[in-house]
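Descriptive structure summary
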Amino acid sequence: MKLTAVGLRYWACAALVATGFTAPVFADPLYARNFAPVSGLFGVPALRNAQTLDAGEYSGGLHGNVANNYSVDIEGPESVNFDGETQRVALRAAVGLGSGWEVEAELPWMRHEGGELDKTIENWHDFWGLPDGNRDEAPRDQIDFSYAGPGADFYMRDEVSGWGDLQLALVREIWQSDSAAISARAGVNFGTGDEDDMLGSGSEDYFLSVSFSGEQQSELPITWCGQLGYLRAGDADILGDIQEQDLWFAGLGLEWRAWQQVHLKMQVDSHAAPADSRLEQMGDPAVQLTVGMSWLFAPQWEAEFSFSEDIAVDTAPDFVLQFGLRYRGGELMAR
């Protein structure tokens, strides 16, 4: 039998089942994106591990999100009402090309509806003493994504579903040591989602980013990762003259390997405002906190659960629940 580097890694991992599971030195961060009605239209990429796959190696993931939005405001001639729930399931895949190169893809399916989480989120805010923006005074479980102001005017009050925007990216690992790695990523977010149904931006977005991952150089079982990037947004007709097209984005995540099979994670993601607006929902930089855990239930398999909050209030959904399943390390063919 012909053994490859990837094959040796697989059997070494399998041999550790009796004593506990292992993880890559640089673990994957939580899957988190901004699913606010406007910010969610654009192709800001999710935070990723800076390591790339070996030649012929592949990975995959399935991520389900439920994001509840409620935000109402009036500022001068502008008014906004974001009230509804977005369900999103994304299929992700990546293949190593060799010499530090990797190609990755993501295709989401989305649904906007009234949802059923309003009461649960009101109770959550009450329990922790968090502001709810008068959520308890609004009709529950309805959908109304609307904005009116100089230069733009849109609304959506119907339940819709369909495919979102396809994202493709090419990644190159540019540096690695025993305790850290850096990679560069260039990608395109294709306007395959229906813009009228707010399932996509309606045009192509292009992005460049640098990712970094590392391991704490102490006895603490902590790893970290981050990214910094630029996105050139395509024309989104619903934003008209107020659209901002030059957007920065950034993220930083920490993982604590509390147990061999269970890792605790926290990360902060942020990006520039998508519109020239006095309203926080569209005109302020978004900041979102995500907290969760991953469970390495088998060699090369990982399940994760997380929730997100808008720590810059109204710039991201009130509350996001996420469940994901990842696989890393398979081979497309024997080499």
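Look up: the structure comes first, before these words.
Below: a short report on this structure.

Conventions we followed
- Residues numbered from 1 in each chain as written.
- Predicted model: local features only at pLDDT ≥ 70, side-chain atom pairs only at ≥ 80, totals over all residues.
- Heavy atoms only, no water.
- Helix = DSSP H or I, 4+ residues; strand = E, 2+ residues; numbered from the N terminus.
- Buried < 20%, exposed > 50% of the residue type's maximum accessible area, 1.4 Å probe, protein only.
- Contact = heavy atoms within 4.5 Å.
- Areas by Shrake-Rupley, 256 points an atom, 1.4 Å probe, with all protein chains shown as cover.
- Polar contact = N/O pair within 3.5 Å; in protein donor to acceptor, adjacent residues only side chain to side chain.
- Pairing = 2+ DSSP bridges.
- Phe/Tyr/Trp six-rings, centres within 6.5 Å; stacked < 30°, edge-to-face > 60°.
- Salt bridge = Lys/Arg side-chain N within 4 Å of Asp/Glu carboxyl O.

Comments concerning the overall build of the protein chain
- Helix and strand content of the protein chain: three helices and 15 strands.
- Looking at the protein chain as a whole, 51% of its 335 residues are labelled buried.
- A fraction of 66% describes how many contacts in the protein chain between residues 6 or more apart in sequence connect residues 24 or more apart.
- Summed over its atoms, the accessible surface of the protein chain is roughly 15,200 Å², and 60% of this surface lies on carbon and sulfur atoms.

Description of the side chain of Thr290
- Along the chain, Thr290 falls in strand S13 (residues 286-298).
- Within the structure, Thr290 has its side chain in polar contact with the side chain of Ser308 (distance 2.7 Å).
- Beyond its immediate chain neighbours, meaning those up to four positions away, Thr290 contacts Leu30, Ala32, Lys265, Met266, Gln267, Ser306, Phe307 and Ser308.

A few points about the environment of Val66
- Mapped onto the elements, Val66 comes out in strand S1 (residues 57-75).
- As a C-alpha pair, Val66 and Val320 span 254 residues in sequence and 5.6 Å in three-dimensional space.
- Those residues in contact with Val66 that sit more than four places away from it in its chain are Glu85, Thr86, Gln87, Leu117, Phe319, Val320 and Leu321.

Some remarks on the pairing of strand S4 (residues 144-149)
- Here strand S2 (residues 78-98) runs beside S4; their pairing, made up of five bridges, is antiparallel. Bridge pairing in S4 links Asp83 to Asp144.
- As paired strands, S4 and strand S5 (residues 152-156) are joined by five bridges and run antiparallel to one another. Pairing of Gly149 across the sheet is with Ala152, part of S5.
- A loop of two residues connects S4 with S5, the two strands running antiparallel in sequence, and Gly151 in this loop sits at a positive phi of about 95°.

A short note on the packing of aromatic side chains
- Inspection of the entire model under this criterion finds eight aromatic pairs.
- Between the aromatic rings of Phe297 and Trp301, the centroid separation amounts to 6.3 Å while the plane-to-plane angle is 35°, which identifies the pairing as tilted.
- By relative accessible area, which is 35% here, Trp301 ends up partly exposed.
- One aromatic cluster is present, formed by Tyr58, Trp295, Phe297, Trp301 and Tyr327 through successive ring pairs.

Some details on unusual backbone geometry
- A positive phi angle is found at Ser99, which is not glycine, with a value near 55°.
- For Ser99, a relative accessible area of 65% translates into the label exposed.
- Positive phi outside glycine occurs at Met198, with the angle close to 60°.
- Locating Met198 in the fold gives a position in the loop between strand S8 (180-189) and strand S9 (205-215).

Focus: the environment of Trp295
- Looking at the element boundaries, Trp295 is found in strand S13.
- The exposure class assigned to Trp295 is partly exposed, which follows from its relative accessible area of 44%.
- In this structure the C-alpha to C-alpha distance between Trp295 and Phe305, which are ten residues apart in sequence, comes to 8.7 Å.
- Other than its neighbours up to four places away in sequence, Trp295 contacts Gln261, Val262, Trp301, Glu302 and Ala303.

Structural notes on the pattern of salt bridges
- Scanning all chains against the criterion turns up 15 salt bridges.
- Arg278 is paired through a salt bridge with Glu75; the nearest N and O atoms lie 3.4 Å apart. With a gap of 203 residues between them, Arg278 in the loop between strand S12 (262-271) and helix H3 (280-283) and Glu75 in strand S1 connect regions that are remote in the sequence.
- Residue classification places Arg278 among the exposed positions, given a relative accessible area of 55%.
- The salt bridge involving Lys265 is made with Glu302; its shortest N-O contact spans 3.1 Å. Residue Lys265 is located in strand S12, and its partner Glu302 is located in strand S14 (residues 301-310); the two are separated by 37 residues in the primary sequence.
- For Lys265, a relative accessible area of 4% corresponds to the buried category.
- Classification of Glu302 as buried rests on a relative accessible area of 12%.
- In this structure, a network of salt bridges that share partners links the residues Arg33, Arg88, Arg92 and Glu106.

This is a description of form; function is not addressed.
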